[in-house]
Amino acid sequence: MRVTDLSLEDFRSYAEVTIALGRGTTAFVGRNGAGKTNLLEAIHLAARGDSPRAHDDTELVRWGAQTGRVRVDVDRAEGHRRIEILLFSPPEGERRRPRRYLLDGAGRRADDVAGELVVVAFFPEDVDLLGAAPGARRRYLDAMLSQIERAHRRETRELQRVIEQRNALLRAAREEMTLSEDEIAFWDRELVRLSASVSLRRAQLVEELAPAFREATARFAASTTDTSPPAGVDVVYGGQVQGPTIAERASAYEGLLREKRDRERWQGTTLVGPHRDDLLVTANGRALPSFASRGEHRSAVLSLKVAEAAWLTSRVGEPPVFLLDDVLSELDPGRREALAAAIPTGAQALLTAATHGGLPDAIRDHAQLVSVSHGGVVQP
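Model, not experiment: these values are computed from the prediction.

(A) Local environment of the overall build of the protein. Within the protein, the regular secondary structure consists of nine helices and 15 strands. Relative to the globule expectation of 21 Å for 380 residues, the C-alpha radius of gyration of the protein, 22 Å, shows essentially globular dimensions. Here the C-alpha coordinates of the protein stretch approximately 70 × 60 × 35 Å along the principal axes. Looking at the protein as a whole, 52% of its 380 residues qualify as buried. Counted over contacts in the protein with a minimum sequence separation of 6, partners at least 24 positions apart contribute 71%. For the protein, the accessible area works out to roughly 17400 Å², and carbon and sulfur atoms hold 48% of it. Looking at charge distribution, the protein has the averaged site of its 52 positive side-chain charges lying 1 Å from that of its 56 negative ones.

Here it is as structure tokens:
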């Protein structure tokens, strides 16, 4: 799987640009603020339907324009695909318009486009993944699953709506001192149904990630100059319930709801469900963020990304596209070389760097180098 062409119109700093991308590694090189990250962000948007940096489409449309377009051409084993996204930034006071998706020229829903391009992304914000709030790690798992299982993407949205409706009912009951048992019973059933399905997928994913994560962790530990890197590093899913089937998890959630019924009504919020779960990285049973150095954090996050790539490859039958935004500058030489070696042979990797000298030898010697300046690119 690879991106063959990227075209942008009025996206971020680019008025118009088209880039032909080759196989293997492409390094976008330029000073900070030149627009390198914008290129990876556009590909991430086409693959996953969201931006790692923007929370609103108006942030993605170039200043002064009212529409923006991202077009990504993808070659994969099944054939060629063209993904297009139209973004809107209407003048102040005018009605906002939702973005439009096209697949091979035909209008599609966002869910229909998901998975047509599969990526593993590492942006600077990901360095803090293990030290962030649990919600960031839940979103990380859900984003990974949503590239493969469209049902998971749909059910996580449904679950969020159920939790919001249930919370509103619990808050109203706390204030009015009364609660409709029929109404709460309906939302309980929906909560149990969706929680069992979402949590089972997440737990199975983490179980499948673990062997590749442990292998990658050992590789990065061997590459570092740290005198005593943490031993026994592992990854587990910290869930409220256990069970290998949806039925067992549903039963466990039902029991938790009965157990926490009074506390939920007193607090006015939903205390049961996978929105309370977490992805845990531990070393000999201790949470890694509680004692590890920043370099060890980076190694653990890199190991997660390498394991993610292996899992995605096992599901789609070919390596995903790697998006690495200014990652190498954050790593010591040993970890840089280990990361370069971890990218599978034949995989496409698109990365950014401020200078050519910041690239590992294994990448610099074979990569296509693309110079980036504000609003434009220069290909060899």
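(B) The packing of helix 5 (residues 181-223) against helix 8 (residues 333-342), seen in detail. Closest axis-to-axis distance for the helix 5/helix 8 pair is 8 Å, and the angle between their directions is 145°. The hand of the helix 5/helix 8 crossing is right-handed. Of the residues in helix 8, those touching helix 5 at Arg-219, Phe-220 and Ser-223 are Gly-334, Arg-335, Ala-338, Leu-339 and Ala-342. When its residues are assigned to classes, the contact of helix 5 with helix 8 shows four nonpolar, two polar and two charged.

(C) Representation of the sheet that holds strand 9 (residues 233-238) within the structure. Taken together, the three strands give an open sheet; going across it, the order is 9-10-11, and neighbouring strands pair in antiparallel fashion. Bordering the open sheet on either side are strand 9 and strand 11 (286-287), each of which pairs with just one other strand. As paired elements, strand 10 (residues 278-283) and strand 11 share two bridges and run antiparallel to each other. Counterpart to Thr-282 in the pairing with strand 11 is Ala-287.

(D) How the structure looks around the sheet that holds strand 1 (residues 2-11). Spatial ordering of the open sheet is given by 2-1-4-5-6-7, a layout of six strands whose pairing is antiparallel. The open sheet terminates on both sides in strands that have one partner only, identified here as strand 2 (14-20) and strand 7 (106-108). Neighbour-to-neighbour, the strand axes of this sheet turn through a mean angle of 20°, independent of strand direction. As paired strands, strand 1 and strand 2 are joined by six bridges and run antiparallel to one another. By the bridge assignment, Leu-6 is partnered in strand 2 with Ile-19. Sheet contacts for helix 1 (residues 36-48): strand 1, strand 2, strand 4 (67-76) and strand 5 (79-88); angle to strand 1, the most-contacted strand, approximately 110°.

(E) Just helix 1, in detail. Here helix 1 is 13 residues long and its end C-alpha atoms lie 19 Å apart, about the 18 Å a rise of 1.5 Å per residue gives. Where burial is concerned, most of helix 1 is hidden: 13 out of the 13 residues are buried. Gly-49 occupies a position one or two residues after helix 1 and carries a positive phi of about 80°.

(F) View of the nonpolar core. With 95 residues, the main nonpolar core has Leu-8, Phe-28, Leu-117, Val-281 and Leu-304 as its most contacted residues. The element best represented in this core is helix 7 (residues 294-316), accounting for 10 residues. Look past the residues within four positions of Leu-304 in its chain and what remains in contact with it is Leu-129, Leu-130, Tyr-140, Phe-213, Val-235, Leu-279 and Val-281. Residues Leu-159, Ala-173, Leu-194 and Ala-196 belong to the second largest nonpolar core, which totals 20 residues.

(G) Spatial organisation of the pattern of salt bridges. Using the criterion set out here, one finds 32 salt bridges in the structure. Among the ionic pairs, Arg-69 bridges to Glu-84, the shortest N-O distance being 2.8 Å. In this pair, Arg-69 sits in strand 4 while Glu-84 sits in strand 5, placing the two residues 15 residues apart along the sequence. A relative accessible area of 10% places Glu-84 in the buried class. The residue Glu-208 makes a salt bridge to Arg-315 at a minimum N-O spacing of 3.4 Å. Of this pair, Glu-208 sits in helix 5 while Arg-315 sits in helix 7; the two residues are 107 residues apart in sequence, bridging distant segments of the chain. Note on Glu-208: relative accessible area 40%, which makes it partly exposed. Arg-315 gets classed as partly exposed once you look at its relative accessible area, which sits at 39%. The network of salt bridges with common partners includes Glu-149, Glu-155, Arg-201, Glu-208 and Arg-315.

(H) Summary view of unusual backbone geometry. Residues other than glycine seldom take positive phi values, yet Asp-10 does so here, at roughly 50°. On the secondary structure map, Asp-10 appears in strand 1.

(I) Just helix 7, in detail. End to end, helix 7 covers 33 Å across 23 residues, agreeing with the expected 33 Å (1.5 Å per residue, within 8%). In terms of residue burial, helix 7 counts as a mostly covered element, since 18 of its 23 residues are buried.

(J) Representation of the packing of helix 4 (residues 150-176) against helix 5 in the model. Closest axis-to-axis distance for the helix 4/helix 5 pair is 9 Å, and the angle between their directions is 145°. Judged by the sense of rotation from one axis to the other, the crossing of helix 4 with helix 5 is left-handed. Of the residues belonging to the contact of helix 4 with helix 5, the class tally is 11 nonpolar, five polar and nine charged.

The rules we used
- Here the residue numbers are simple positions, counted from 1 along each chain's written sequence.
- Given that this is a predicted model, residues contribute local features only at a pLDDT of at least 70 and side-chain atom pairs are listed and counted only at 80 or more, while totals for whole chains, interfaces and linings are drawn from all residues.
- As a rule here, side-chain values cover all heavy atoms of the structure and leave hydrogens and water aside.
- Per the convention used, a helix needs a DSSP run of H or I reaching at least four residues, while a strand needs a run of E reaching at least two, with both numbered from the N terminus.
- We take the radius of gyration over the C-alpha atoms and set the globule estimate at 2.2 Å times the residue count to the 0.38 power.
- For the exposure calls, accessible area comes from a 1.4 Å probe over protein chains only, and a residue counts as buried if that area is under 20% of its type's maximum, exposed if over 50%, partly exposed in between.
- Residue contacts are counted whenever heavy atoms from the two residues lie within 4.5 Å of one another.
- Shrake-Rupley sampling with a 1.4 Å probe provides the accessible areas, and residues are treated as covered by the protein chains on show and by no other component.
- Within this scheme the basic residues Lys and Arg register as positive and the acidic residues Asp and Glu register as negative, but His and the chain ends are omitted.
- One atom stands in for each charge, and that atom is NZ of Lys, CZ of Arg, CG of Asp or CD of Glu.
- To get an axis, a line is fitted to the C-alpha atoms, and for a helix only the part in contact is used. The angle between two axes follows their N-to-C directions and goes from 0 to 180 degrees.
- The handedness criterion is simple: a crossing whose near helix is rotated anticlockwise from the far helix by less than a right angle is left-handed, and one whose near helix is rotated clockwise is right-handed.
- The classification used treats Ala, Val, Leu, Ile, Met, Phe, Trp, Tyr, Cys and Pro as nonpolar, Asp, Glu, Lys and Arg as charged, and all other residues, Gly among them, as polar.
- By this definition, two strands are paired if DSSP reports at least two bridges between them.
- A helix is expected to reach a length of 1.5 Å times the quantity of its residues less one.
- Among the buried residues, those of types Ala, Val, Leu, Ile, Met, Phe, Trp, Tyr and Cys that are joined through side-chain atoms within 4.5 Å form a nonpolar core.
- Any carboxyl oxygen of Asp or Glu that lies within 4 Å of a side-chain nitrogen of Lys or Arg is treated as forming a salt bridge with it.

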